[in-house]
Amino acid sequence: LDHAESVELPNFIRRKSRKHIYEEYVRKCTEIVERTDANGETSREPLIPGPVGYQTFYNVLNVITSSEEKLFTAVDYVTGLLINDQFELLQRMLEDFSPDKITEKKLSKQLELSKNMLKHQYHEHVVKKGDNVCTHDISYALLPNRNDSSRNRSGRCNACLYPNYVCKELSSVVTESGKDGIDDALEAIKEAEHKMELYRGHRARVKNQQDAIDRILKDHENECLQRKDNKFTRALLVADWKMKWEEKKSREITLQHYGKRGTSWHGCLLIYFQYEEEEYEEEGEMKVKERAVRYHIYMDQILATDNKQDAAASAAMIEVFMHQCSERFPHLKEVVLQTDNAKCYSCVEFIYWLKLFNMSFDGIRISEIIHSETQAGKGLIDAHFSKGTSHCIFFMKNYQRNKIIAIASAAGLAGALAWSGGIQNCCVQLIEFDREYMRKIKDVLKPVIVATTKHFTRANHIIFHACPGERSQSKPLSMENIKNLEFKFSVYGYSNVGKGVLFEVKLPGSVKASENVEDLAEGEDDETLADEAEDNVPDNDINNDLKDSMNSSFDYSYETMVGNYVLQLPEAQRGDESDDEEYEYESKTSDESEYESEYENNQYVRDFSYQAPPTGTNEKIMSGAKVLKRSEWTRLLGPRDKDRKKRERRPRGYNDDNSNYKARVDAIAMSVRKASYYVAENLIETRDGKGDMKEYEDCSSFEVDTEKLKLRGWARRPKHGEQYGKKYIAEFAYDIEELFNVG
């Protein structure tokens, strides 16, 4: 409440809006009841005193409770389809078939508890071991089945059984109602229960991958504490593509809003630990506390000339990042790469591109690739993209007043991100690809990609093994050297589950897999894998995006200039200057800029320095990528000290000796103290949304059908329907063409 008084309350979540709570409060204040005092006299009084004004009530409510759940925020589609939609359907079904309000209220509460258990509690149950429960133990859930049909895990967990128990109770209510549509309703309940089980498997896979990433970071932290220096050798690299940046223009008219072409924006986050010592006093003695401080540094990579986000582009972006990272941190030797399960990262081609990078670069080595599970939630890199977008919008508002400012090209987006020193702990790269050179490398890799895809198409963990000649190249591998490479890597369907499958690759086309390769398959048969292998062959048609890129717009009042930051557009983007007199492309130096005076004293405004000449091939980059412009990491800052005392507002009459201190006497302070008293004296019931509920004991007598006990491997990603490749569709090519021509 103030510097001398603090009150601790549970984190109450209000389930209704403030307006509805206030209306209910006013209704109770106006409700008259009869009361009898100690003398036996009866009087008519309001149920509760009041009411207070709505603004005072809102202020009290904001302090005592947390905001209501945000119902309109973006929810991952897995939770939406498998949980939210299903429980909404069951609730509507309950309202239609319930015999009375008492039954409806009881089952509604049970449905709410079941939903809460699956969304907020089950991830803690799935990691439990040693209790013989089939819904516990991630290893049991994700290990391959190997045709084992024994259902020998018969232990009980009332919390895990509760959703199934509630579905059975609802089925009984529907059956006994005698209304029309009972069969359809029972089938819908059965389908909803099946989707709940699919969601359990999803949560098990998400939890497994999150724990694996946490273990990697913990290992890096422990290594930092053991080394006791700041020359870290290992780090975690997180990479992701942002949704394509669409052209933005201040004072944009309606006609300019349509037909925009997106710009590809790739982001990298490097997480590492630095050793620090902190002195503190304990019992009159000075002691030293050792700690590993976690640092985050970012890089925004903008792709010029084309916007194709394929495996080659993803690997090239990572390679370029590693080169600049090696210059900044020469002591860094290897990184673990973390990505999501997007096709450009999870495909087999991406694995081979990164292995070629390891073979051709004598700096940082990628030791592992780990994928987070689908729809596992937003991460730090997503938060950085949001911050970058805000930085660009802030630039458009503050760069040049009374002029139309546009961010319409790759060069313009890079310039906006670098404006005014950019974002803290972040640098920017403008990158160009040699797609023709990439195509030649793809052609060399094509036989091994097809051969490997016949064994698996998706895996969550890949470990690269060191091989002779790795990290010994001072120059990129030549095309002839690539054709004769030999290397090994191990593939795990899920991190730290099973023994993994060893692949021995010898270019141009030999791929040998260990005997347990069937552990990687998740429902697909050999024919499906073979068809998918052909469908995943790299596409040689790379010119469409290049042709489209020649017509991109320009930025910043006819040239890309931000204070002292002048970013010259590539030749391919300039177009024919003589065709349009409106655009003038004469480059201005910083001395000629009319806005120089505004920024000349700003030490954070820096020009991009050239990584490579404007034309030609960068000899240091294996993939043929070329950095047109880049900024540098300057002063890197660590996390904010959590123990640092925040500035406190001092009330009137405050003295250091508290001689004139008076406790707060207002509506908020009195309400907080009253709420604390109710909680301490158990006058109100509170429950932890993440803890087991007492209602779970209702299903203690619930009998589980033996056929519903889960087999080993029940949480592995299920088959998601039939897949038809080129072989299937080729039979109907003539019919499709005829129907297309008919219209």
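Cut-off values and rules
Residues numbered from 1 in each chain as written. Predicted model: local features only at pLDDT ≥ 70, side-chain atom pairs only at ≥ 80, totals over all residues. Heavy atoms only, no water. Helix = DSSP H or I, 4+ residues; strand = E, 2+ residues; numbered from the N terminus. Buried < 20%, exposed > 50% of the residue type's maximum accessible area, 1.4 Å probe, protein only. Contact = heavy atoms within 4.5 Å. Areas by Shrake-Rupley, 256 points an atom, 1.4 Å probe, with all protein chains shown as cover. Expected span 1.5 Å × (residues − 1). Bend = angle between axes of the 7 residues up to and from the residue. Patch = residues over 30% accessible without salt bridge, like charges linked within 9 Å, V, L, I, M, F, W, Y side chains within 5 Å. Salt bridge = Lys/Arg side-chain N within 4 Å of Asp/Glu carboxyl O. Pairing = 2+ DSSP bridges. Axes fitted to C-alpha atoms, helices over the stretch in contact; angles between N-to-C directions. Core = buried A, V, L, I, M, F, W, Y, C linked by side-chain atoms within 4.5 Å. Phe/Tyr/Trp six-rings, centres within 6.5 Å; stacked < 30°, edge-to-face > 60°. Lys NZ or Arg CZ within 6 Å of the ring centre and 35° of its normal. Parallel < 35°, antiparallel > 145°, perpendicular 65-115°, else oblique. Nonpolar A, V, L, I, M, F, W, Y, C, P; charged D, E, K, R; others polar.

Chemist: Hey, could you run me through the overall build of the protein chain in this one?
Modeler: Looking only at helices and strands, one finds 21 helices and 19 strands in the protein chain. Residues classed as buried in the protein chain amount to 45% of the 743 residues present. In the protein chain, the proportion of contacts linking residues at least 24 apart, taken out of those at least 6 apart, comes to 78%. Accessible area for the protein chain stands at about 41,200 Å²; split by element, carbon and sulfur atoms hold 47% of it.

Chemist: Would you explain helix α6 (residues 158-177) in this entry?
Modeler: In an α-helix, one turn spans 3.6 residues; hence positions three or four apart end up facing the same way. Taking 1.5 Å as the rise per residue, α6 with 20 residues should run 28 Å; its terminal C-alpha atoms sit 28 Å apart, in good agreement. A maximum bend of about 25° is found in α6 at N164. Immediately downstream of α6, the backbone of G178 shows phi near 70°, a positive value.

Chemist: Looking at this structure, I do not really get a nonpolar patch on the surface. What am I missing?
Modeler: Where nonpolar side chains cluster on the molecular surface, the patch consists of Y677, Y678, L683 and I684 and spans about 370 Å² of accessible area. Owing to a relative accessible area of 32%, Y678 belongs among the partly exposed residues under this scheme.

Chemist: Teacher, can you tell me more about helix α13 (residues 435-453) here?
Modeler: Counted at 1.5 Å a residue, the expected span for α13 with its 19 residues is 27 Å, but the 23 Å between its end C-alpha atoms falls short. Most pronounced at L445, the bend in α13 amounts to some 50°, and the proline P447 follows within four residues.

Chemist: Looking at this structure, how should I read the sheet that holds strand β10 (residues 365-371)?
Modeler: Neighbouring strands of a sheet are bound in pairs by backbone hydrogen bonds; such pairs are parallel or else antiparallel. What the 11 strands build is an open sheet, ordered β16-β15-β14-β13-β10-β9-β5-β7-β8-β12-β19; its pairing is mixed. Of all strands in the sheet, those bounded by a partner on one side alone are β16 (510-513) and β19 (626-630). Each adjacent strand pair in this sheet contributes to an overall mean axis angle of 25°, direction not counted. Note that strand β7 (residues 263-282) and strand β8 (residues 285-303) share 18 bridges and pair antiparallel. Opposite E281, over in β8, you have M286 as the bridge partner. Against the sheet, helix α11 (residues 380-398) makes contact with β5 (234-245), β7, β8 and β12 (426-432), and its axis sits at roughly 110° relative to β7, the strand it touches most.

Chemist: Help me understand the side chain of Q110 in this model?
Modeler: In this structure, Q110 sits in helix α4 (residues 101-125). Residue Q110 is classed as buried on the basis of its relative accessible area of 4%. The contact partners of Q110, leaving out residues within four places of it in the chain, are Y162, Y165, V166 and D698.

Chemist: How should the side chain of E223 be read in this particular structure?
Modeler: You can see E223 is positioned in helix α7 (residues 182-227). Given the relative accessible area of 19%, E223 is considered buried. In this structure, E223 is in contact with T233 and R234, ignoring residues within four places of it in sequence.

Chemist: Quick question: what am I supposed to make of the nonpolar core here?
Modeler: Note on soluble globular proteins: their nonpolar side chains tend to be buried together. Residues L270, F350, Y352 and F489 are the most contacted members of the largest nonpolar core, which totals 77 residues. For this core, the element with the most residues is helix α8 (residues 311-328), which contributes 11 residues. Contact partners of Y352, with chain neighbours within four places excluded, come to L445, V448, I449, T452, F487, F489, V505 and V511. Judged by nonpolar contacts, the second largest core, of 49 residues, contains V126, A141, V166 and M196.

Chemist: Quick question: what am I supposed to make of the packing of aromatic side chains here?
Modeler: Here the distance between the centres and the angle between the planes together describe a pair of aromatic rings. The full count for this structure, using the stated rule, is 25 aromatic pairs. Note on Y162 and Y165: the rings are 5.9 Å apart at their centroids and 40° apart in plane angle, and the pair reads as tilted. Separated by three residues within a single helix, Y162 and Y165 lie in helix α6, roughly one turn from each other. Accessibility classification places Y162 together with Y165 in one group, the buried group. Here the aromatic residues F232, Y272, Y295, F321, F329 and W633 are joined through ring pairs into a cluster of three or more. Sitting above the plane of the Y58 ring, R18 keeps its charged end 4.4 Å from the centroid. Its end group placed over the ring of Y140, R153 keeps NZ or CZ at 4.0 Å from the ring centre.

Chemist: Would you explain the pattern of salt bridges in this entry?
Modeler: Opposite charge on two side chains lets them pair, provided their charged atoms get close. In total, this model carries 28 salt bridges according to the counting rule given. Residue D306 pairs with R435 through a salt bridge whose shortest N-O separation is 2.9 Å. In this pair, D306 is assigned in the loop between β8 and α8 and R435 in helix α13, connecting sequence segments 129 residues apart. The exposure classification of D306 matches that of R435, with both residues buried. As a salt-bridge pair, K626 and E432 come within 3.2 Å of each other at their nearest N and O atoms. Of the two residues, K626 is situated in strand β19 and E432 in strand β12; the sequence distance between them amounts to 194 residues. For the pair shown, K626 and E432 are each scored as buried. Each of the salt bridges in this network shares a partner with another, and the network as a whole consists of D306, D310, R435 and K442.

Chemist: Please explain unusual backbone geometry as it appears in this structure.
Modeler: A negative phi angle is the norm for most residues apart from glycine, just as the trans form is the norm for most peptide bonds. Cis geometry is found at the peptide bond from G50 to P51, where omega equals 5°. With an omega of 20°, the peptide bond between L507 and P508 qualifies as cis. If you trace the backbone, P508 turns up in the loop between β15 (501-506) and β16. Phi at N425 takes a positive value of approximately 60°, unusual for a residue other than glycine. Mapped onto the elements of the fold, N425 is located in the loop between α12 (410-418) and β12. Among the residues examined, N425 registers a relative accessible area of 9% and is labelled buried. Unusually for a residue other than glycine, N682 sits at a positive phi of about 55°.

Chemist: Please clarify how the packing of α11 against α12 should be interpreted in this entry.
Modeler: Packed helix pairs are characterised by how far apart their axes lie and by the angle those axes make with each other. One way to put it is that α11 packs onto α12 with a least axis distance of 8 Å and a crossing angle of 90°. Between α11 and α12, the crossing angle belongs to the class labelled roughly perpendicular. Facing G388, H391, C392 and F395 of α11, the residues of α12 in contact are L413, A416 and L417. Residues belonging to the contact of α11 with α12 are distributed by class as follows: five nonpolar, two polar and no charged.

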